[in-house]
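Residue-level structure breakdown
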Amino acid sequence: MPPTDSGTSSSSEDTLDMRPSEEQDARLIEEHLAGPAASDRPDLLDQVAQWGPVGTAVGAFQLVPVHLERDVELIARWMNDPAVSAFWALSGPHETTARHLRDQLDGDGRSVPCLGALDGVPMSYWEVYRADLAPLARYYPARPQDTGLHLLIGRVCDRGRGIGTALLRAVADLVLDRRPSCGRVVAEPDLRNTPCVAAFLGAGFRLSAEVELPDKRAALMLRDRTLRHLL
């Protein structure tokens, strides 16, 4: 079972917005938007690497598939943040995070781990996955091509400000735009993670049910294609 989404609660560190310089921005864009080398795996998610940037209320955002050697140190640092590890349970040495990423990167393509870059700066971690092919499908009435999302906001300065809500809406719409065969986007945050559940609700998801999963009691959140312009 994939880990749950991290909380989006605020922190006193939010006031320390460590924006890089323009020169650093350019370097980050070049390094992270280049993407990993092409893979021979089956394409089960309609080429996430080619989805491109989208405009959001908080800036230009892009999902960048993870390159293990390049990104593991950053993601592992986020996983060791207590606010994140409480729900993802991947704290510890870098190899713990590397193993989690490698399982997806070496898998059959049903889950794509990504960095989320806001205005060129990596600030979040995402997993876009085929919910209908995941263990989650045993616990709810899955439909073919259901697409799931996991999210954590890595930078403390981006939490508690509505950024997660804006990005969730943008990414859910991006999934529906880029995956015409997908009728709905699915998420299953831990019910205890109330800021995360609230972010999904604010992003146009609806609470469909409470689901007892092996590792948590989850809120089954759905964003339907047919309702996307109403919620």
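Predicted model only: the values in this text are computed from it and were never measured. (Residues numbered from 1 in each chain as written. Predicted model: local features only at pLDDT ≥ 70, side-chain atom pairs only at ≥ 80, totals over all residues. Heavy atoms only, no water.)

1. Notes on the overall build of the protein
- Scanning the protein from N- to C-terminus turns up six helices and eight strands.
- Counted from the first residue to the last, the protein has its helices and strands arranged as α-β-β-α-α-α-β-β-β-α-β-α-β-β.
- When the 231 residues of the protein are sorted by exposure, 53% land in the buried category.
- The long-range share in the protein, meaning contacts at least 24 apart out of those at least 6 apart in sequence, stands at 70%. (Helix = DSSP H or I, 4+ residues; strand = E, 2+ residues; numbered from the N terminus. Buried < 20%, exposed > 50% of the residue type's maximum accessible area, 1.4 Å probe, protein only. Contact = heavy atoms within 4.5 Å.)

2. Brief notes about the nonpolar core
- Within the largest apolar cluster, 35 residues are counted, with the highest numbers of intra-cluster contacts made by Phe61, Leu63, Trp126, Leu149 and Phe205.
- Sorting the residues of this core by element identifies strand 2 (59-65), strand 3 (111-118), strand 4 (121-130), strand 5 (147-153), helix 5 (163-178), strand 6 (184-187), helix 6 (194-202) and strand 8 (216-224) as the ones contributing at least two each.
- By residue number, the principal contributor to this core is helix 5, which donates nine residues.
- Counting residues in each nonpolar core, the second largest holds 16 residues, with Leu74, Val84, Leu101 and Leu152 among its members. (Core = buried A, V, L, I, M, F, W, Y, C linked by side-chain atoms within 4.5 Å.)

3. Looking at the packing of helix 2 (residues 68-79) against helix 4 (residues 94-105)
- One can describe the packing of helix 2 onto helix 4 by two numbers: an axis separation of 9 Å at closest approach and a directional angle of 125°. Classified by the angle between their axes, helix 2 and helix 4 sit oblique to one another. Both helix 2 and helix 4 take part in a crossing whose hand is right-handed. Contacts from Leu68, Val72, Glu73, Ile75, Ala76 and Met79 of helix 2 reach helix 4 at His94, Thr97, Ala98, Leu101, Arg102 and Leu105. (Axes fitted to C-alpha atoms, helices over the stretch in contact; angles between N-to-C directions. Parallel < 35°, antiparallel > 145°, perpendicular 65-115°, else oblique. Left-handed = near helix turned anticlockwise from the far one by under 90°.)

4. Concerning the environment of Val112
- In this structure, Val112 sits in strand 3.
- Assessed through its relative accessible area of 12%, Val112 is described here as buried.
- When the C-alpha positions of Val112 and Trp126 are compared, they lie 8.2 Å apart, and in sequence the two are 14 residues distant.
- Ignoring sequence-local partners within four residues, the contact set of Val112 consists of Leu45, Val48, Pro65, Gln104, Trp126, Glu127 and Val128.

5. A short note on unusual backbone geometry
- A positive phi angle is found at Asp46, which is not glycine, with a value near 55°.
- Mapped onto the secondary structure, Asp46 falls in the loop between helix 1 (22-32) and strand 1 (54-56).
- Exposure remark for Asp46: the relative accessible area of 30% places this residue in the partly exposed category.
- At Gln145, a position not held by glycine, the phi torsion is positive, near 75°.
- Note on placement: Gln145 falls in the loop between strand 4 and strand 5.

6. Regarding the packing of aromatic side chains
- Across all of its chains, the model carries three aromatic pairs by this definition.
- The interplanar angle of 85° and the centroid separation of 5.0 Å between the aromatic rings of Phe200 and Phe205 together place this pair among those described as edge-to-face. Each member of the pair, Phe200 as well as Phe205, carries the same accessibility label: buried. (Phe/Tyr/Trp six-rings, centres within 6.5 Å; stacked < 30°, edge-to-face > 60°.)

7. Some words on the confidence of the model for the protein
- In the predicted model, the protein carries a mean pLDDT of 87, and the fraction of residues at 70 or more is 82%.
- Ignoring residues within four places in sequence, the model shows residues 7-26, a span with pLDDT below 50, making 33 contacts including any to other chains. (pLDDT = per-residue confidence, 0-100.)

8. Regarding the side chain of Arg155
- Relative to the elements of secondary structure, Arg155 occurs in the loop between strand 5 and helix 5.
- Judged by relative accessible area, Arg155 falls into the buried class, the value being 14%.
- Within the structure, the side chain of Arg155 is placed 2.7 Å from the side chain of Asp158, a separation counted as a polar contact. (Polar contact = N/O pair within 3.5 Å; in protein donor to acceptor, adjacent residues only side chain to side chain.)

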